[in-house]
Every structure is written in structure tokens, then in C-alpha cells.
Amino acid sequence: MMPKIIVFFLLFFFCSFKSQSISNLPESRISEVKAFLKNKNYNQDLAVFINFKIHSGKYRYFVYDLKNKKILQQAIVSHGSGSVIKNSDALSFSNIEGSYQSSLGKYEIKETYVGKFGKSYRLNGLDISNNNAMKRAIVIHSYSCISDKESQESACLSLGCPMLSFNALKQTANFIDSSKQPVILYAFY
């Protein structure tokens, strides 16, 4: 039998970890996606979220089980080099071609293809803030400079695409490829 102090510590650690993970994914954003999905031909049980408020060296990419209310995957994800504001921790966002900025809003994760970064997924922007995603060639792909583990260091920058590590993309691909309906990605700040 474990001493009470160890049981207390384990419960405290588990609860702290769980609440930290969920706080990185606000309930209001989850509710917003659920409302958007209602009566649409998208996967109703699974969504991908990117919380750009979180430092790029930390987990801010989440594959979320909407039905069972739990995070299935968390990962490091890049933002566009044009989103960096000099001498600031804040980011800026754009839907303009050539801005190299990330765009906010809901995306439909489209078909996969193999390009210069390997397996990638096209993104179709569904909001006015990201509806140029296809024209801008904004895709989910992996890149070797993205780490699997959290760090104080910032993630490397993209040209506007959400880049994952090779392992994180492989894990995400399992979720997306096994879905019978398109999955929604929601990037917010």
C-alpha cells in the first residue's frame, strides 16, 4: 500500500498536468468548433486546434476528441516568419499572398500529397481571414527543424504553413487518414 503522501503527490501532479493541457485549449474555442460542425459534412468527433497565443517552443497544436473531451495529441507547431513582430512576443496574421504570415480561422484539412517536404495536407480556408490558403499553398507538413519536445527556444519559422516534426505529422496522419469525413483545423490567437 502506498503512503498517503505519495498518493496525494501523484493526484496533484496528474490534476495539474491535466488542467494545464486543457487550459491551453479554451472551452470557448472547442464550443465554437462544435457549433460550426453541427449539421455539416465534417468529422463531428475530431478537430485540430492551434493556439498561437502559446510560445512556439511549447505544445500549441492539439488533436482533440470532441466526443470524449480529451486531447489525443499535442505537438510543437511553427508559425510564419512574417508573423513575427520585431522586439515583441506578439504575433501578427494575414491572409495576403507573399506575407509569409500565418492565418487565423477554420480550415478544412484536404487531400494529402507528397511534395518537397514529404507527406503534406492541403488546407482550404473557410473564413474571410484565411480563404486564400489554397492560393497561398498553405499546407500542413513536417520539417526537420521542428522538435518533438517542448523547449524554451522558439520553433523555426515557416512561410505561413503550420509545420510539425516528422513524428508529430505521422501521428496526426493516423487520425486524418482514418477519418471518413474531412477534419477541421482551427487556428486562433
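The preceding data block contains the structure.
Can you break down the environment of Ser142 residue by residue, with the values?
Looking at the element boundaries, Ser142 is found in strand S6 (residues 139–142). Between the alpha carbons of Ser142 and Phe166 there is a distance of 5.1 Å; along the sequence they are 24 residues apart. Setting aside residues no more than four positions away along its own chain, Ser142 makes contact with Phe117, Lys119, Leu164, Ser165, Phe166 and Leu169.

Account for the pairing of strand S5 (residues 118–125), with residues named and values stated.
With seven bridges joining them, strand S4 (residues 105–115) and S5 adopt antiparallel strand pairing. When the sheet's bridge partners are listed, Ile109 is paired in S5 with Leu123. Counting the residues in the hairpin turn of S4 and S5 gives two residues.

Talk me through the state of the cysteines; I want residue IDs and the actual numbers.
Applying the stated rule across the entire model yields one disulfide. At a sulfur-sulfur separation of 1.7 Å, the disulfide partner of Cys145 is Cys156. In this structure the cystine formed by Cys145 and Cys156 twists about its S-S bond by roughly 60 degrees; its chirality is therefore right-handed. One end of the pair, Cys145, is in the loop between S6 and strand S7 (163–164); the other, Cys156, is in the loop between S6 and S7, with eleven residues separating them in the sequence.

Lay out the packing of aromatic side chains in plain terms, naming residues and giving numbers.
Taken as a whole, this structure holds seven aromatic pairs when the rule is applied. An angle of 75 degrees between the planes, with centres 5.4 Å apart, marks the rings of Phe117 and Tyr143 as edge-to-face. With Phe117 in the loop between S4 and S5 and Tyr143 in the loop between S6 and S7, this residue pair connects regions lying 26 residues apart in the sequence. On the basis of relative accessibility, which here comes to 31%, the residue Phe117 falls in the partly exposed class. Tyr143 gets classed as partly exposed once you look at its relative accessible area, which sits at 37%. A cation over an aromatic ring shows up here: Lys106 above the ring of Tyr186, its NZ or CZ 5.4 Å from the ring centre. In this arrangement the basic side chain of Arg122 is found over the ring face of Tyr113, its NZ or CZ atom lying 4.2 Å from the centre.

Quick rundown of the environment of Cys156? Include the residues and the values.
A C-alpha to C-alpha distance of 8.2 Å links Cys156 and His79, two positions 77 residues apart in sequence. The contacts of Cys156, once residues within four sequence positions are left out, are Ser78, Tyr143, Cys145, Ile146 and Met163.

Break down the side chain of Ser83 for me, with residues and values.
In this structure, Ser83 sits in the loop between strand S3 (70–75) and S4. The buried category is assigned to Ser83, whose relative accessible area is 0%. There is a polar contact of 2.7 Å between the side chain of Ser83 and the backbone oxygen of Ser92. Other than its neighbours up to four places away in sequence, Ser83 contacts Ala90, Leu91, Ser92, Phe93, Tyr100, Gln101 and Ser102.

Conventions and cut-offs
Residues numbered from 1 in each chain as written. Predicted model: local features only at pLDDT ≥ 70, side-chain atom pairs only at ≥ 80, totals over all residues. Heavy atoms only, no water. Helix = DSSP H or I, 4+ residues; strand = E, 2+ residues; numbered from the N terminus. Contact = heavy atoms within 4.5 Å. Pairing = 2+ DSSP bridges. Disulfide = S-S within 2.5 Å. Phe/Tyr/Trp six-rings, centres within 6.5 Å; stacked < 30°, edge-to-face > 60°. Buried < 20%, exposed > 50% of the residue type's maximum accessible area, 1.4 Å probe, protein only. Lys NZ or Arg CZ within 6 Å of the ring centre and 35° of its normal. Polar contact = N/O pair within 3.5 Å; in protein donor to acceptor, adjacent residues only side chain to side chain.

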